[in-house]
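Below are the chains, spelled out letter by letter.
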Amino acid sequence: REHQHGCVRICTSEGVGRSVCTNMDVPNDREIWCERPLVSAPFPWCPVPACMMCMRSLEDPKTSLTRACGGSLPQRLADIFPAKSASDPYTSVSCEYCREVYCSELCRQLAWDHHHHTLCTRHHPHLEEPMQRLLSLCHDSIQPLLVVRILASLNKDLPCCASHRAHKDNTPLPSGDEESHNDGDDIPPSRHPLGPFALMTQGSHQVPLSPMLLSAAYGAQFKVVYDVLAHAGLPASVLTIETYVRLINIVHCNGQLIKPLPPWRVYLNRARDLPEHIRPDLPFDELDSLIDESVKEPSAVEGTGLYVLHACLNHSCKPNCRISFLGPTHDLSVVAGSRAGGEGVVASGDELTFSYVPSDMAHEDKRTELMEFYGFECACSLCRQQTPS
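The notes below deal with the structure included here. Everything numeric here is computed off the predicted structure, so don't read it as measured data. (Residues numbered from 1 in each chain as written. Predicted model: local features only at pLDDT ≥ 70, side-chain atom pairs only at ≥ 80, totals over all residues. Heavy atoms only, no water.)

**Some points on the pattern of salt bridges**
Here the structure, examined in full by the defined rule, presents 15 salt bridges. Between R133 and D227 there is a salt bridge whose closest N-O contact spans 3.2 Å. Of this pair, R133 sits in helix α4 (residues 128-137) while D227 sits in helix α6 (residues 217-231), and the two are 94 residues apart along the sequence. Since its relative accessible area comes to 14%, D227 is described here as buried. Taken together, the shared-partner salt bridges connect E129, R133, K223 and D227 into one network. (Salt bridge = Lys/Arg side-chain N within 4 Å of Asp/Glu carboxyl O. Helix = DSSP H or I, 4+ residues; strand = E, 2+ residues; numbered from the N terminus. Buried < 20%, exposed > 50% of the residue type's maximum accessible area, 1.4 Å probe, protein only.)

Structure representation (structure tokens):
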């Protein structure tokens, strides 16, 4: 089976599962596609404030670069970077009910429509204490927060959701894949309760859970998430321990580390891309060299997100594409060519692959980590060459 998505298509075959193939030749370093996540969240330990919807840093370029340089900005850079970018259309706004902060009114409304209408602590006063416990959990792992946002984003589509349905049939979410049924009810794939996340359930039950999830704290973690959803008005039958395990595995298998470009890099890129007649007269090459020498922490905002097409990409130790964040938000780009150097052109019809693990890891360490965290033994062309038969 194939599903077309612009310049790529998702292929599904028995024994292989999902894969993504390109419909055209793509030269090295060319963006193949860009997509926004179904759900994302910045890490609570990020040292700078970020938009709680798009993860855009709320610092101005000069403050951002000063932080990246360890608190001391070379005078040459201080003279160039403004305290606030005149071309920046965003201003910080807060939820009208609580303290949640966004980079724009658009993001505030998008967050409200997506999940915040269910999770706003001022809108649901009894939710504040459970949400504080949830955020405390997230200092160890962001996964519980993403599970909560997944279910909150599906609020109106969940079975027997009290705030959106008059009929309460107490039908729990399926703990299996799209073909699963509950209490004899036939749930067609097009109306799967996990909605767009259903695509990510394929094979997730086969991946081993991390030791943290199998520890004694796992039950307590589930209880916190359960309490949040109960106080948010979702019925008790929405979340079972089996469903929670499945959702945690979705995040575990498909979650992507997000590292948006910091404001200082966005400012430089925008200035460099302006038409020549209005481009500022800046020594860009000199600035790049000076920044490379001065910057200690290039990215301050980090988080995790789930992406539909990205989740369909398979692993290869010799990948032909890479994951990049080319802008100030959580928008993910898939770019032809690997960081370690790869093929010059991705040919039309080729399967797109990227490395699930750092490319500089030793070969045997890669294979061990892939088995422990993703539950499979790599059989890419590089592994077949290096593994004794």
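**Some points on the packing of helix α5 (residues 143-153) against helix α7 (residues 241-254)**
Interaxial distance between α5 and α7 falls to 9 Å at its minimum, and their mutual angle equals 110°. Classified by the interaxial angle, the pair formed by α5 and α7 is roughly perpendicular. The hand of the α5/α7 crossing is right-handed. On α7, the residues touching Q143, P144, L146, V147, I150 and L151 of α5 are Y244, L247, I248, V251 and H252. (Axes fitted to C-alpha atoms, helices over the stretch in contact; angles between N-to-C directions. Parallel < 35°, antiparallel > 145°, perpendicular 65-115°, else oblique. Left-handed = near helix turned anticlockwise from the far one by under 90°. Contact = heavy atoms within 4.5 Å.)

**Details of the sheet that holds strand β10 (residues 303-306)**
Spatial ordering of the open sheet is given by β6-β10-β9, a layout of 3 strands whose pairing is antiparallel. With one partner strand each, in any of the chains shown, β6 (39-42) and β9 (256-258) form the two edges of the open sheet. Averaged over all pairs of adjacent strands, the angle between strand axes in this sheet comes to 25°, irrespective of strand direction. Summarising the sheet, β6 and β10 pair through 4 bridges and their orientation is antiparallel. The residue of β10 that forms the bridge with A41 is T304. (Pairing = 2+ DSSP bridges.)

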